[in-house]
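# Structural features, examined
Listed below are the residues making up each chain.
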Amino acid sequence: MVGPKSPTASVCWCLSYRIPSKVNRELRGPARGAYVAELCRADPPPGVIAYDGEEPVGWAAVAPRSATSFARNRKIPHVDDLPVWSLWCIRVRPGHRKQGITHALIAGAVDFARDRGAPAIEAYPLDNGDARVDLTMAYAGIRKNFERAGFVHAADTTSVLAGHPRILMRLDLR
């Protein structure tokens, strides 16, 4: 669900915000998948998966912000000193979109973080208004989906993705 179609590709696997840039550049092809397999055996695992029966149809990356590059990101501010969790990638397989899976993934990521003691969870979605978003770059999510899940705008950022500004949204879990 998180890997590219070709196992030899050196992209994706939802690693760019999770590991140092140098390691991200060095991991090539199948080594990326092997790295993610190790993450899946760790506690906490790297995210949540949505299923349609036995078939995985969606993915959301969620982890403590301190364990991601968002901890050091100069474009996405820290609102306060709470040990928040970050939700930064949501993917739904083609053929399963427009069925509420994104909403289920957000809810699942919130529960996942809450169950592990997170006081709050942040997301950094696109503030696209009614403009269309290229599906390749829609992984960050869009503002309205997080608003539906109870997240509130907590800060503006200087980050731009696919021509749309990203904002910091937060949901208090206490």
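Read on for a plain summary of the structure. (Residues numbered from 1 in each chain as written. Predicted model: local features only at pLDDT ≥ 70, side-chain atom pairs only at ≥ 80, totals over all residues. Heavy atoms only, no water.)

### Observations concerning the sheet that holds strand β3 (residues 85-92)
Convention followed: What makes two strands pair is DSSP finding at least two bridges between them. Counting from the N terminus, the helices are DSSP H or I runs at least four residues long and the strands are E runs at least two residues long. All axes here are fitted lines through C-alpha atoms, helices being fitted over the stretch that makes contact, and every angle between N-to-C directions spans 0 to 180 degrees. Between two residues, a contact is recorded if the distance between any of their heavy atoms is within 4.5 Å.
Read from one edge to the other, the open sheet built from six strands follows the order β1-β2-β3-β4-β6-β5, with strand pairing classed as mixed. With partners counted over all chains shown, the strands left at the sheet margins are β1 (47-52) and β5 (152-161), one partner each. Between one strand axis and the next, the sheet turns through 25 degrees on average, direction left out of account. Sheet analysis places β1 next to strand β2 (residues 55-64), joined by six bridges and oriented antiparallel. Residue pairing for β2: Y51 is matched across the bridge by P56. Against the sheet, helix α3 (residues 101-115) makes contact with β1, β2, β3, β4 (120-123) and β6 (164-172), and its axis sits at roughly 150 degrees relative to β3, the strand it touches most.

### Some remarks on the side chain of E122
The criterion, for reference: Pairing of N or O atoms within 3.5 Å defines a polar contact, subject to two protein rules: one partner must be a possible hydrogen donor and the other a possible acceptor, and residues neighboring in sequence count only if both atoms are side-chain atoms.
In this fold, E122 is placed in strand β4. For E122, the side chain forms a polar contact with the side chain of R170, separated by 2.9 Å. The contact partners of E122, leaving out residues within four places of it in the chain, are R65, V79, V84, W85, S86, L87, F151, L168, M169 and R170.

### A closer look at the pairing of β6
Going by this rule: Throughout this description, buried means an accessible area under 20% of the type-specific maximum (1.4 Å probe, protein chains only), exposed means over 50%, and partly exposed covers the range between.
Of all nine residues that make up β6, seven are buried, and the element is covered over most of its length. Alignment of β4 against β6, held across four bridges, turns out to be antiparallel. Residue pairing for β6: A120 is matched across the bridge by D172. Bridge analysis of β5 against β6 gives six bridges, and the strand direction is antiparallel. The partner of V152 across the bridge, within β6, is R170. Linking two consecutive strands that pair antiparallel, namely β5 and β6, is a turn of two residues; a positive phi of about 55 degrees is found at A162 within it.

### Quick look at the packing of aromatic side chains
We count it as follows: Here the aromatic set is Phe, Tyr and Trp, taking the six-membered ring for Trp, and pairing holds for ring centres within 6.5 Å; pairs whose planes are under 30 degrees apart are stacked, those over 60 apart are edge-to-face, and all others are tilted.
Using the criterion set out here, one finds five aromatic pairs in the structure. Taken together, a centroid distance of 6.1 Å and an interplanar angle of 55 degrees make the contact between F70 and W88 tilted. Taken as a pair, F70 in the loop between β2 and β3 and W88 in strand β3 lie far apart in primary sequence, 18 residues in all. A relative accessible area of 0% means that F70 is categorised as buried. Accessibility expressed as a relative area gives 2% for W88, which makes it buried. Here W85 and F112 contribute two aromatic rings whose centre-to-centre distance is 6.0 Å and whose plane-to-plane angle is 75 degrees, an arrangement assigned as edge-to-face. With W85 in strand β3 and F112 in helix α3, the pair connects residues that are 27 residues apart, well separated along the chain.

### So, unusual backbone geometry
The omega angle of the peptide bond from D43 to P44 is 5 degrees, so this bond is cis rather than trans. When you line up the elements, P44 lands in the loop between α2 (30-41) and β1. Positive phi outside glycine occurs at C14, with the angle close to 55 degrees. The residue C14 is located in the segment before α1 (21-26) in this model.

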